[in-house]
Amino acid sequence: MNKNLVFNLHIPTKLLFGCGELKKLATETMPGKKALIVISGGTSMKKYGYLDKVVGYLKENNIESVVFDKILPNPIKQHVMEAAAICRDEKCDFVIGLGGGSSIDSAKSIAVMACNEGEYWDYVAGGTGKNKPVEKALPIIAIPTTAGTGTEMDPWTVITHETAHEKIGFGCKLTFPTMSIVDPELMLSIPPRLTAYQGFDAFFHAAEGYIANCATPISDLYAIEAIRLIYKYLPVAVADGHNLKARTKVAWASTLAGMVESTSSCTSEHSMEHAMSAFYPELPHGAGLICLSQAYFETFRNDSMKRYMKMAEAMTMEPSKRPSDFIDALVKMQKACKVDDLKLSDWGLKKEDLPKMVQNAKETMGGLFQLDPRMLSDDEILAIYEKSYR
């Protein structure tokens, strides 16, 4: 953390957190009169009745709605542009992201492109993006049905340019959700494997934000509590998805980790994972992070010794005597969640792909490397990939 205690806090999102809070859609003041509801191309939002509930509560509130239901697990630029056109044609004046991080991230990007000319990549910074300023965006409501990204409390949206193989995080003050409703009852249907992948994504948002050189006293508070909660309750939620207490604790940890994203930042572990899933979009983001994590955090073990020990103490509730205690606890948590056996090769990755991922990570999201505890060389980045590959 920067020793100079100068920092800022700007999270303009109204948060409604708790079991049953989804029903507040029927009574809260909405930021418009007609919503574009953005969901994935999967079946869960309809199968479990979440979409019907949202549409029904909006009707009670005299709000019309239109549904866009094509979002992929790693969302793509094409769908952002397609949905933005529908948003304009249907005269929707706000956007609701319902589902996992992919749906909420897409909602943010759609809200931008519903109000701005050109292509989405005109506004993205990094890679082939043109970094044009975003002058306006539609209001956004985030309703997560997973606990992982924390995107409900940060401005960031991650979209893939499917032909350029660029997966880039982007955001500005206009892409903070106006309101977020985090209702753990919507998370009971997530299967164990996905519960683990998503929970580890939240964990790494917190852990990376804690060792980032831009960490602040506020982000530290959020990060340590998120790390503590995930270590204690994620294995419980994986083992018993209907344990509402565990689901609630993990959901709160994910929301806290999103607040870390707003007050600190991810580090280059996320850049490195984005490069992998840019080329292999079937790779779940959380699974990629898990695969990288042991080698990644080992690389900085002697650069953030005190912070590693504090994270270990938050996890184990025991005094730490060495920074390796954090890595030991991380491995223990992966075993407890039954994700210690993941192989990148299972998603098609080949060892000969790794050198090009080094360059992709630096070209698309190079800014996160600047926030690491120290700068990594290309050889070190490649070594992390190689040690993580199975």
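Below is a summary of the structure that appears in this document. (Residues numbered from 1 in each chain as written. Predicted model: local features only at pLDDT ≥ 70, side-chain atom pairs only at ≥ 80, totals over all residues. Heavy atoms only, no water.)

## A closer look at the overall build of the protein chain
Rules: Put simply, DSSP marks the helices as runs of H or I at least four residues long and the strands as runs of E at least two long, and each gets a number from the N terminus on. For the radius of gyration, the atom set is restricted to C-alpha positions; the globular benchmark scales as 2.2 Å times the number of residues to the power 0.38. Each residue is placed in one exposure class: buried if its accessible area under a 1.4 Å probe, protein chains only, is under 20% of its type's maximum, exposed if it is over 50%, and partly exposed if it falls in between. Contact definition: two residues touch when any of their heavy atoms are within 4.5 Å. To measure how exposed things are, a 1.4 Å probe is used in the Shrake-Rupley method; for residues, cover is taken only from the protein chains shown. For this count, His and the chain ends are skipped, Lys and Arg are scored as positive, and Asp and Glu as negative. Where a charge sits is defined by one atom per residue type, namely NZ (Lys), CZ (Arg), CG (Asp) or CD (Glu).
Looking only at helices and strands, the protein chain has 13 helices and 8 strands in total. In terms of overall size, the protein chain behaves like a compact globule, its C-alpha atoms giving a radius of gyration of 20 Å where 390 residues would be expected to give roughly 21 Å. C-alpha extents for the protein chain along the principal axes are approximately 60 × 45 × 45 Å. Scored against the burial criterion, the 390 residues of the protein chain give a buried share of 58%. Sequence separation of at least 24 residues holds for 80% of the intrachain contacts in the protein chain that already meet a minimum separation of 6. For the protein chain, the exposed surface amounts to about 15,700 Å²; the carbon and sulfur share of it is 52%. In the protein chain, 43 side chains carry a positive charge and 47 a negative one; their mean positions are 4 Å apart.

## Topic: empty space enclosed by the protein
Rule in force here: For each structure, a 1 Å grid was placed over the protein atoms alone; sets of points admitting a 1.4 Å probe that cannot get out are labelled cavities, open sets with protein on both sides within 12 Å along at least five of seven lines are labelled pockets, and lining residues have an atom within 4 Å of a point. Grid points are joined across faces, edges and corners, and a volume is the space filled by probe spheres set on the points.
As enumerated under the stated definition, the model contains 1 cavity of 30 Å³ or more in all. There is about 60 Å³ of room inside the largest cavity. If you go around the largest cavity, the residues you meet are Ala-147, Met-187, Ile-190, Thr-195, Gln-198, Leu-234, Ala-237, Arg-247 and Val-250. The set of elements that each furnish at least two residues to the lining of the largest cavity consists of helix 5 (192–211), helix 6 (217–239) and helix 7 (244–263).

## Description of the nonpolar core
The cut-off we apply is this: By nonpolar core is meant a set of buried Ala, Val, Leu, Ile, Met, Phe, Trp, Tyr and Cys residues that side-chain atoms within 4.5 Å join together.
Among the nonpolar cores identified, the biggest contains 75 residues, and Phe-200, Phe-203, Phe-297, Phe-326, Met-333 and Tyr-385 are the most heavily contacted of them. Counting residues per element, this core draws most heavily on helix 6, at 12 residues. In contact with Met-333, other than residues within four places in its own chain, are Phe-200, Phe-203, Ile-230, Tyr-231 and Met-315. Formed by 31 residues, the second largest nonpolar core is a distinct cluster that contains Ala-114, Trp-121, Phe-170 and Met-365.

## Description of the packing of aromatic side chains
Using the following cut-off: Side-chain rings of Phe, Tyr and Trp (the six-membered ring for Trp) are treated as a pair once their centres are within 6.5 Å; stacked means planes under 30 degrees apart, edge-to-face means over 60, and tilted covers the remaining angles. In this scheme, Lys NZ or Arg CZ marks a charge over a ring once it lies within 6 Å of the ring centre and within 35 degrees of the ring normal.
Taken as a whole, this structure holds 14 aromatic pairs when the rule is applied. Ring plane angle 80° and centroid distance 5.6 Å describe the contact between Phe-203 and Phe-204, whose orientation is recorded as edge-to-face. The pair Phe-203 / Phe-204 is uniform in exposure class, with both members buried. In textbook terms, an aromatic cluster arises when at least three aromatic residues are bridged by ring pairs, as seen for Phe-200, Phe-203, Phe-204, Tyr-296, Phe-297, Phe-300, Tyr-308 and Phe-326. Its end group placed over the ring of Tyr-210, Arg-307 keeps NZ or CZ at 4.3 Å from the ring centre. The residue whose ring lies beneath Lys-356 is Phe-279, and the NZ or CZ to ring-centre distance is 4.5 Å.

## A few points about the side chain of His-161
In plain terms, the rule: Polar contact criterion, stated in full: a pair of N or O atoms within 3.5 Å, where within protein one must be able to donate a hydrogen and the other to accept it, and residues adjacent in sequence count only if both atoms are side-chain atoms.
Of note, His-161 is situated in strand 6 (residues 157–161). At 3.2 Å, the side chain of His-161 and the side chain of Thr-163 are in polar contact. Not counting residues up to four positions away in its chain, the partners in contact with His-161 are Lys-77, Trp-121 and Glu-166.

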